[in-house]
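# Coordinates in review
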Amino acid sequence: MRKFSKKQFAVLAIAGACAVIAAAGGIFCHQVKTKADEALAMAQTVDKTEVKEMKNDNITEKTSVQLRDHWTVAAFGLDSRDPENLKSGNSDVIILMDMDGKTGAVKLVSVYRDTCMDIGKGTLRKANAAYANGGPKQAVRMLNENLDMEIDDYIAVTWKSVADAVNILGGVDLEVTKNEFRYINAFITETVKSTGIGSHQLKTTGMQHLDGVQAVACLSLIPVTKHTRPHKASACAYCFQKK
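Before going into details, it helps to say that this report is about the structure given with it. This structure is a prediction, so every number in the text was calculated from the model and none was measured. (Residues numbered from 1 in each chain as written. Predicted model: local features only at pLDDT ≥ 70, side-chain atom pairs only at ≥ 80, totals over all residues. Heavy atoms only, no water.)

As a further point, take the environment of Asp 47. Its place among the elements puts Asp 47 in the loop between helix 2 (30-43) and helix 3 (48-52). It is 8.3 Å that separates the C-alpha atoms of Asp 47 and Gly 135, two residues lying 88 residues apart in sequence. Contacts of Asp 47, omitting those with residues within four sequence positions, involve Pro 136 and Lys 137. (Helix = DSSP H or I, 4+ residues; strand = E, 2+ residues; numbered from the N terminus. Contact = heavy atoms within 4.5 Å.)

Attention shifts here to the nonpolar core. Counting 26 residues, the largest nonpolar core has Met 97, Val 172, Ile 184, Ile 188, Leu 202 and Leu 210 as the members making the most contacts within it. At the level of secondary structure, the elements contributing two or more residues to this core comprise strand 1 (70-78), strand 2 (91-100), strand 6 (153-157), helix 6 (159-168), strand 7 (172-176), helix 7 (178-195) and helix 8 (212-219). Apart from residues lying up to four places away in sequence, Ile 188 is in contact with Ser 199, His 200, Gln 201, Leu 202, Val 213, Gln 214 and Ala 217. In terms of nonpolar packing, the next biggest core, distinct from the first, is built from 23 residues, Ala 74, Ile 94, Leu 143 and Ala 156 among them. (Core = buried A, V, L, I, M, F, W, Y, C linked by side-chain atoms within 4.5 Å. Buried < 20%, exposed > 50% of the residue type's maximum accessible area, 1.4 Å probe, protein only.)

For strand 1, the tally of buried residues reaches eight of nine residues, placing the bulk of the element in the interior. By the bridge criterion, nine bridges tie strand 1 to strand 2 in an arrangement that is antiparallel. If you follow Thr 72 over to strand 2, its bridge partner there is Asp 98. Across five bridges, strand 1 lies against strand 6 in parallel orientation. Of the residues in strand 6, the one forming a bridge with Ala 75 is Ile 155. (Pairing = 2+ DSSP bridges.)

Taken together, the four strands give an open sheet; going across it, the order is 3-2-1-6, and neighbouring strands pair in mixed fashion. Edge positions in the open sheet fall to strand 3 (106-110) and strand 6, since each of these has one partner strand only. Recorded for the sheet is a direction-independent mean angle of 20° between the axes of neighbouring strands. Relative to strand 3, strand 2 runs antiparallel, the two sharing five bridges. By the bridge assignment, Met 99 is partnered in strand 3 with Val 106. Strands strand 1, strand 2 and strand 6 of the sheet are contacted by helix 5 (residues 129-147), whose axis makes an angle of about 140° with strand 1. (Axes fitted to C-alpha atoms, helices over the stretch in contact; angles between N-to-C directions.)

Now the structure itself:
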């Protein structure tokens, strides 16, 4: 039986929690939510209590009652090169994961990082700046207030977290286009330096079986994936689900 370090186990917990949210579907029950809560709590503790107790005073009582049947988690992909830093950094990937407790329906919605939002105190900025300015509390508050939501929990991952998770799960299959191929090897080199995880450069385009570093590089190609990044992130999450 394979043994994992505490850090690897935490990464698997994050991936597992994502998979629970994405795949639970018609079997939603109190036990499923409890298990995912435990995984998220073990993996991340930054402002956890404050986020879970956060209320949105701007929504009506009727809306608040309707939302009680939903469990909503905000997932943030940070651009922090420091693998231990979950307190700040631009959240360049923002995905809302919602589970309907009555029907079991699961929905994943991306919020583009360049979306103009009030990130706090009337300051209009790109949505990814809220996390950099005030961590998960400010990022969740921004989403609640701008989108009329009451988010129950959050997940945040750095480059290294994602690379570790992909490697532990055996890699992911993603397509690399011709435009992406022009830049990806430079991003692979940067990601190796930032994470300390070994990898190798790609030699061709098309559907590829990518390791953790290569997958992170593919998701980080801002010059050519600015508007397709959420689709790449969703494809990566789907690969996690199939594992």
